[in-house]
Amino acid sequence: MELVFVALVLACLNSFVLPDDQGDALNALKLSLNASPNQLTDWNPNLVNPCTWSNVICNSNSNKVVSVTLSSMNFSGTLSPKLGVLKTLTTLTLKGNGINGEIPKEFGNLTSLTSLDLTNNHLTGEIPSSLGDLKRLQYLTLSQNNLTGTIPQSLASLSNLISVLLDSNNLSGQIPERLFQTEKYNLTGNRLNCGINLPHLCESSSDQSGGSSKPKVGIIVGIIGLIIILLFGGLLFFVCKCRHRGYKREVFVDVAGEVDRRIAFGQLKRFAWRELQLATNNFSEKSILGQGGFGKVYKGVLADNTKIAVKRLTDFESPGGDAAFQREVEMISVAVHRNLLRLIGFCTTPTERLLVYPLMQNLSVANRLRDLKPGEAVLDWTTRKRVALGAARGLEYLHEHCNPKIIHRDVKAANVLLDEDFEAVVGDFGLAKLVDVRKTNVTTQVRGTMGHIAPEYLSTGKSSERTDVFGYGVMLLELVTGQRAIDFSRLEEQDDVLLLDHVKKLEREKRLDSIVDCNLGRNYDVQEVEMMIRVALLCTQSSPEERPAMSEVVRMLEGEGLAERWEEWQHVEVNRMQEYERLQRRFDWREDSVCNQDAVELSGGR
C-alpha cells in the first residue's frame, strides 16, 4: 500500500515538472531583462504555472505556454538562455526594447516556434546557426539591431519561412539563396553581397595598370549605364508582375521612410479592393453583420475559404474618419492578446478604407443575450462567467500592458465578440484612442453608447481607463440580467430606465431572483451571481477614483479582494443614503413644489 502511495505522489510531482520549468524559465527571463519593480508584477516566482501571468498565453487544454509578448517595455538587460526549455512556444516577441547581448544559441531548442521578433533592440554578435533547427519558423524579424557576421546557411533549410527581416544591422558575407524565395524579405542597411544569387550585379574587377585611362572610364560608365537600365527594366517588370499576382509577394527597397512605416504594420496583409469585393458578394446587404458609428461590417469568404468580417468605413473623408482608420490599424497591430480581436489586414483606395478581421462565428455577447434565433442555445452561466473574466483580461492588457496605453471608450456587450469556443474577444477599436502617458492621461472627445458612458466623461468630455471600467461594469450587468443598458419599456412598469439604477434598487431590496436573466431559469450559482453584481457595482461608482483598476477587477473575479472592497463600498453607500434622506427631510420635497424640475436635470453630452 505504501508503494502505491509513493508511486502516486511521484506521478503527481512529475505532472508538475513542465509548469515548473515554464515558470522558472520565464522568471529567469524577467530577471535577465532587468525588469523594474513595477513591471511584470504578477510574474510570481512562487506561482510556478505562468498561465495567469500578463503577456503570457497558454494552450487552454494543456496549460503549456505558447506565446510571450513583451513589446516596448524599455528593458535594458539580456536574453536568458533558459527560455530554450519552452518547447511549446510558438510566438516570442520582444521588439522595441533596449535588450543587449547576444541571441542565445538555446533559442534553437524552441522547436514549435513560428514567429520570432526581436526588432529594434541593441543585440550584438552573430545570428546563431541553431535557428536553422526551428523547422516550423515562418516569421524571423531581427531588424534594427547591431548583429554582425554572416547570415547562417542553416536558415536555408527552413522550408516554412515566409518572412525574413534582417535590415539595419552590420551583417556581411553572402546571402543564402533560400531567403530570396520567401514572400517577404528585407536585407537593406547591411554590408552583404549577392554571391551566387545575382552575380551579374555583384562581380567586380580591378583596374589594370598602363595605357590610357579614358577608354577605361568610358567602359565603366557604359557598364554602369547598362546596369541601371537593366535594374530599371527588371524593377518595372517585377512591379507589373506583382500587380498581376495581386501583391502576394512583398520585397523591401531602401527608400527613406518607407521601410519603417511598412514594418509598423507587422504581418498585416494589404488586401486588394477586388479581393474584398468578391469575398462579400459585392458588399451585398445580405452580407451585413452589423453597423456601427463608422460604417458597416460585412461577412465574407476569401478565395482560400477563410471566413472574414470586413469593416467598411463610410465617413473616413469627414473629420476624424481617416484618422480613425489609421488609429485602429496602429492599435490592433500592436495590441495582441487572446481576448482582443485580431486584425488580419486592411485595404485602402482613393475612396475606400476597409479593415479585415477573422469572422467570429458566435457573433457578439449582445446577440447571444437578446437576439437569439430559433434553435440557438442561451448563454449558460458558466459561459457568462468565462466571458466576464476574458473581457476583463483583454481590457487589463489595453490599460496596463500597452505603451502607450489604449482606452476603448465603448465597452458594451455588443463589442464583446465570441469565438468558436465562446471565448470573449473584445473588439471594435474604432472609438479607442492611444493615450501617451508622457503627455496626458485623458482624452477630450466624447464617444460611446448611452447607458454605458461614465458620468464624468459625459459631463466633462474627459476619459481615462476608469471610464472603460464603468462601461465594463454595465456590461457585467448585461451578462447577469440579459437586458439592455437603457430600456424605455421599463417606464411602463414605473421602473428605472437605466439598467444600473434598476439593478441597484433590486440589490438593495435583496431581490436577486428579479435581477438574473429569466432565460437562465434556476441554472446559476447564487453566490457567483452575487459576486458578479458586486464587482459590477464597484466598477460603476460615480467617482472614477473609487473604481477599481482592471487588474483588480480580474483578481476580484478570480476570488481575491472582493470582500474587502465591497465592505468599504457599503459603508460609503450607507453614508450617502443617510445624507440623501437628511436632505429630503430638510427640504420637504412635494409634488406641488415650486422648484423648477428642469433645473435639476443633468446636462447632456457636450
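Everything numeric here is computed off the predicted structure, so don't read it as measured data.

Conventions used here
Residues numbered from 1 in each chain as written. Predicted model: local features only at pLDDT ≥ 70, side-chain atom pairs only at ≥ 80, totals over all residues. Heavy atoms only, no water. Disulfide = S-S within 2.5 Å. Buried < 20%, exposed > 50% of the residue type's maximum accessible area, 1.4 Å probe, protein only. Helix = DSSP H or I, 4+ residues; strand = E, 2+ residues; numbered from the N terminus. Contact = heavy atoms within 4.5 Å. Pairing = 2+ DSSP bridges. pLDDT = per-residue confidence, 0-100. Patch = residues over 30% accessible without salt bridge, like charges linked within 9 Å, V, L, I, M, F, W, Y side chains within 5 Å. Areas by Shrake-Rupley, 256 points an atom, 1.4 Å probe, with all protein chains shown as cover. Salt bridge = Lys/Arg side-chain N within 4 Å of Asp/Glu carboxyl O. Lys, Arg positive; Asp, Glu negative; His and termini not counted. Charge placed at Lys NZ, Arg CZ, Asp CG, Glu CD.

K.L.:
What is the right way to look at the state of the cysteines in this model?
P.N.:
A covalent bond bridging the sulfur atoms of two cysteines is what the word disulfide describes. Within the structure shown, the criterion is met by one disulfide. Paired through a disulfide, Cys51 and Cys58 show a sulfur-sulfur distance of 2.3 Å. Here the disulfide of Cys51 and Cys58 is left-handed, its torsion about the S-S bond being about -95°. A relative accessible area of 18% places Cys51 in the buried class.

K.L.:
Any chance you could explain the environment of Leu94 here in plain terms?
P.N.:
Checked against the element boundaries, Leu94 lands in the loop between strand E3 (91-93) and strand E4 (115-117). Given the relative accessible area of 0%, Leu94 is considered buried. Excluding residues within four positions of it along the chain, Leu94 makes contact with Leu70, Leu79, Ile99, Asp117, Leu118, Thr119 and Asn121.

K.L.:
Is there a simple way to think about the sheet that holds strand E6 (residues 148-149) in this case?
P.N.:
By definition, the strands of a sheet pair up through backbone hydrogen bonds, in either a parallel or an antiparallel sense. What the three strands build is an open sheet, ordered E6-E8-E10; its pairing is parallel. With one partner strand each, in any of the chains shown, E6 and strand E10 (191-193) form the two edges of the open sheet. Note that strand E8 (residues 170-174) and E10 share three bridges and pair parallel. In the sheet register, Gly173 faces E10, and the bridge partner there is Leu192.

K.L.:
Whenever I open this one, the confidence of the model for the chain confuses me. Can you help?
P.N.:
Detailed reading of the predicted coordinates is not advisable wherever pLDDT falls low. Averaged over every residue, the pLDDT of the chain is 76; residues scoring 70 or more account for 70%. When mean pLDDT is taken per element in the chain, E6 scores highest with 94 and helix H5 (residues 258-263) scores lowest with 29. Considering only residues more than four positions removed or in separate chains, one finds that residues 1-19, a stretch of pLDDT under 50, has four contacts. Here residues 238-266 is modelled with pLDDT under 50, and outside its nearest four sequence neighbours on either side it reaches 41 contacts, counting other chains as well.

K.L.:
Help me understand a negative patch on the surface, please; the structure alone is not making it clear to me.
P.N.:
A cluster of acidic side chains, namely Glu560, Glu564, Glu567 and Glu568, defines a negative patch on the protein surface. Locating Glu568 in the fold gives a position in helix H16 (residues 562-587). For Glu568, a relative accessible area of 49% corresponds to the partly exposed category.

K.L.:
I keep staring at the pairing of strand E15 (residues 307-313) and nothing clicks. Help me out?
P.N.:
Strand residues, when the strand is regular, have side chains that alternate between the two faces of the sheet. Burial analysis of E15 places five of its seven residues in the buried class, which makes it a mostly covered element. Sheet topology places strand E14 (residues 295-301) next to E15; seven bridges connect them, and they run antiparallel. Looking across to E15, one finds that Gly295 is bridged to Leu313. Pairing between E15 and strand E17 (residues 353-358): five bridges, direction antiparallel. The partner of Lys311 across the bridge, within E17, is Leu355.

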